[in-house]
Each structure stands twice: as C-alpha cells, then as structure tokens.
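# Descriptive structure summary
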Amino acid sequence: LAKTTQPISMDSYEGQEVNITCSHNNIATNDYITWYQQFPSQGPRFIIQGYKTKVTNEVASLFIPADRKSSTLSLPRVSLSDTAVYYCLVGAPYSSASKIIFGSGTRLSIRP
Amino acid sequence: DTGVSQNPRHKITKRGQNVTFRCDPISEHNRLYWYRQTLGQGPEFLTYFQNEAQLEKSRLLSDRFSAERPKGSFSTLEIQRTEQGDSAMYLCASSATRDQETQYFGPGTRLLVL
C-alpha cells in the first residue's frame, strides 16, 4: 500500500507561488499521482494527475522526479480562494478502490 | 448540472434511528464510491460499485451500513440504528471505469446523530 506524507499545513500570501511536496517512497510501478483540493463543507475536487516528469493544466503544475518517490504540486500566483486542504494520492487505475487513501492532507492558508 | 448530486445535504437524527442517503453520479460513470469524512481527516473509503455490483467494502463498513445501486445509476447508503460515532460527512464520488483515480465528488451529506 503506497502511503503518502505531506506537510500538515502551509501559509503563503496572495500572488506567491506555492509548492506542496508529497513523499511516496513505496510508490509502485503502475501507480499514478493524483492531487485533490477540498474546500470546507464540499467534496474534494480533482486538480491534476501525473505519472512522471511534469504535467501542467490551467490550475496547477505537477513535478515528479525520475525516482517518483516524491511529487510537488505547484500553484502559481495563489489567491485567497486557494485556501483549502490539498490531498496527494497514489494508486493504479486498475487496483483495489480501497487502496485509494486520502490521508490528512495539507491545509493551505493564503493571506492578503 | 451534470455533476454528482447528493441528498439530503444535512441530516439530524436521534441515536437508534435509521437514515438513508442518496447519490446520483455523473450519468456516464460506471464506478460509484462512498466515503466517510470526519473533522480534520481526509475521506475514508467505505465501499464502491461498478455498475450495479458492489465490488469492495471497507472494514469500516459495519453490519449497520448497507449500500445499494440497483440499476447501476443512483446509489443509496443506509445506516441502521445510528450511533453518535456515525456523525460525519458522507461523500459520494463517481468515475469512469478506466480512470478511478480521477473521481468526481458530490457535495456530501452531513449527518449529526444526537
């Protein structure tokens, strides 16, 4: 079971770039890395997913080194609305659903 | 709106009562998941369906919990003889068969057992 480790919390300011790193030392060959965002009283929302190197979409970038034992979610020029909990997950598309573990996530607070 | 919907959004009940929650997934998604989330924690997997078949259940899912997805569309989660420890947010998510890591979540049903 691929376990992930993230910082419990992070603080930043509007307009800054925020990088949240996730460790997953036991990631398996078939595992993908997925990040979700959750606002209070809402369900998590998919942000980005990757397997290796770099993935970028309109919301974020995901950097994955060659050994894949960690990944970094990068949020460019954050705003107050980016205050949320961010979850890093690893899992394979065809593996057991019960192996998808959210953990406690990283609580990101953005200040003016 | 073509997202995942859940009803009711809030439920307050007395200990010992039965409650039922409903989830309507994104229509073309074959997989449907139920999670439970308590304050300060991430969602915990409870069970999942592929079409109408319930393929996995977590050990968290006691005998008082039952889930159904009779026609492979909407799903219900019933909790019998509720306990105060059942108070939590119950989340439903759906995904396409080939991409279970990309799950689309509903807004959740917040249950409070008094």
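## Focus on the overall build of chain B
Along its length, chain B carries 0 helices and 11 strands. Going residue by residue from the N terminus, the α and β elements of chain B occur as β-β-β-β-β-β-β-β-β-β-β. Counting the 114 residues in chain B, one finds 48% classified as buried. The contacts of chain B with a sequence gap of at least 6 include a subset with a gap of at least 24, amounting to 53%. When the accessible surface of chain B is totalled, it reaches about 5800 Å², and 45% of it is carbon and sulfur. Within chain B, one finds 15 positive and 13 negative side-chain charges whose respective centroids are separated by 6 Å.

## Let's talk about unusual backbone geometry
The linkage connecting Asn7(B) with the following residue, Pro8(B), adopts the cis geometry, with an omega of -10 degrees. Tracing the chain through its elements places Pro8(B) in the loop between β1 (5–7) and β2 (10–13). For Arg68(A), which is not glycine, the phi dihedral falls at a positive 60 degrees. Of note, Arg68(A) is situated in the loop between β6 (61–64) and β7 (70–75). Look at Asn51(B): it is not a glycine, yet its phi comes out positive at around 55 degrees. Tracing the chain through its elements places Asn51(B) in the loop between β5 (44–50) and β6 (53–57).

## A look at the sheet that holds strand β2 (residues 18–23) of chain A
All names here are of chain A. Strand order in the open sheet formed by 4 strands is β2-β7-β6-β5, and the pairing between neighbours is antiparallel. What marks the edges here is a single partner per strand, and that holds for β2 and β5 (53–56). Along the sheet, successive strands turn relative to each other by an average axial angle of 15 degrees, direction set aside. Where β5 meets β6, 4 bridges bridge the pair, whose relative direction is antiparallel. Looking across to β6, one finds that Lys-54 is bridged to Phe-63.

## Considerations on the interface of chain A and chain B
On the chain B side, the residues contacting the 23 residues of chain A number 24 residues. Roughly 1800 Å² of surface becomes buried between chain A and chain B when both sides are summed, with 46% attributable to carbon and sulfur atoms. The interface formed by chain A and chain B holds 0 salt bridges in total. For the side of chain A that touches chain B, the secondary structure elements donating two or more residues are β3 (32–38), β4 (45–50) and β8 (84–91) of chain A. Top element by residues in the side of chain A that touches chain B is β3(A). It accounts for 3 residues. Grouping the constituent residues of the side of chain A that touches chain B by class yields 10 nonpolar, 12 polar and 1 charged.

## Topic: the pairing of strand β3 (residues 19–24) of chain B
Residue and element names in this part refer to chain B. The side-chain alternation of β3 yields one buried face, formed by Val-19, Phe-21 and Cys-23, and one unburied face, formed by Thr-20, Arg-22 and Asp-24. Direction of pairing for β1 relative to β3: antiparallel, over a ladder of 3 bridges. Residue pairing in the sheet places Gln-6 in a bridge with Cys-23 of β3. In this structure, β3 lies alongside strand β8 (residues 75–79), joined through 5 bridges in antiparallel fashion. Pairing of Val-19 across the sheet is with Ile-79, part of β8.

## Here we look at a nonpolar patch on the surface
A cluster of nonpolar side chains, Ile12(B), Leu112(B) and Leu114(B), forms an exposed patch at the surface whose accessible area comes to about 300 Å². Note on placement: Leu112(B) falls in strand β11 (residues 109–113).

## What about the nonpolar core?
By size, the foremost hydrophobic cluster in this structure holds 20 residues, and its most contacted members are Val18(A), Ile33(A), Trp35(A), Ile47(A), Leu73(A), Leu75(A) and Tyr86(A). Listing elements by their share of this core, those giving two or more residues are β2, β3, β4, β6, β7, β8 and β9 (106–111) of chain A. Looking at this core element by element, the count peaks at 4 residues for β8(A). The residues touching Leu75(A), leaving out its near neighbours within four places in the chain, are Gln16(A), Glu17(A), Val18(A), Val59(A), Ala60(A), Tyr86(A) and Leu108(A). Counting residues in hydrophobic clusters, the runner-up holds 19 residues, among them Phe21(B), Ile26(B), Leu46(B) and Leu61(B).

Reading the values: the criteria
Residues numbered from 1 in each chain as written. Chains lettered and ligands numbered in written order. Predicted model: local features only at pLDDT ≥ 70, side-chain atom pairs only at ≥ 80, totals over all residues. Heavy atoms only, no water. Helix = DSSP H or I, 4+ residues; strand = E, 2+ residues; numbered from the N terminus. Buried < 20%, exposed > 50% of the residue type's maximum accessible area, 1.4 Å probe, protein only. Contact = heavy atoms within 4.5 Å. Areas by Shrake-Rupley, 256 points an atom, 1.4 Å probe, with all protein chains shown as cover. Lys, Arg positive; Asp, Glu negative; His and termini not counted. Charge placed at Lys NZ, Arg CZ, Asp CG, Glu CD. Pairing = 2+ DSSP bridges. Axes fitted to C-alpha atoms, helices over the stretch in contact; angles between N-to-C directions. Buried area = accessible area lost by both parts, 1.4 Å probe. Salt bridge = Lys/Arg side-chain N within 4 Å of Asp/Glu carboxyl O. Nonpolar A, V, L, I, M, F, W, Y, C, P; charged D, E, K, R; others polar. Patch = residues over 30% accessible without salt bridge, like charges linked within 9 Å, V, L, I, M, F, W, Y side chains within 5 Å. Core = buried A, V, L, I, M, F, W, Y, C linked by side-chain atoms within 4.5 Å.

Read these as layout, nothing more, since geometry by itself doesn't imply function.
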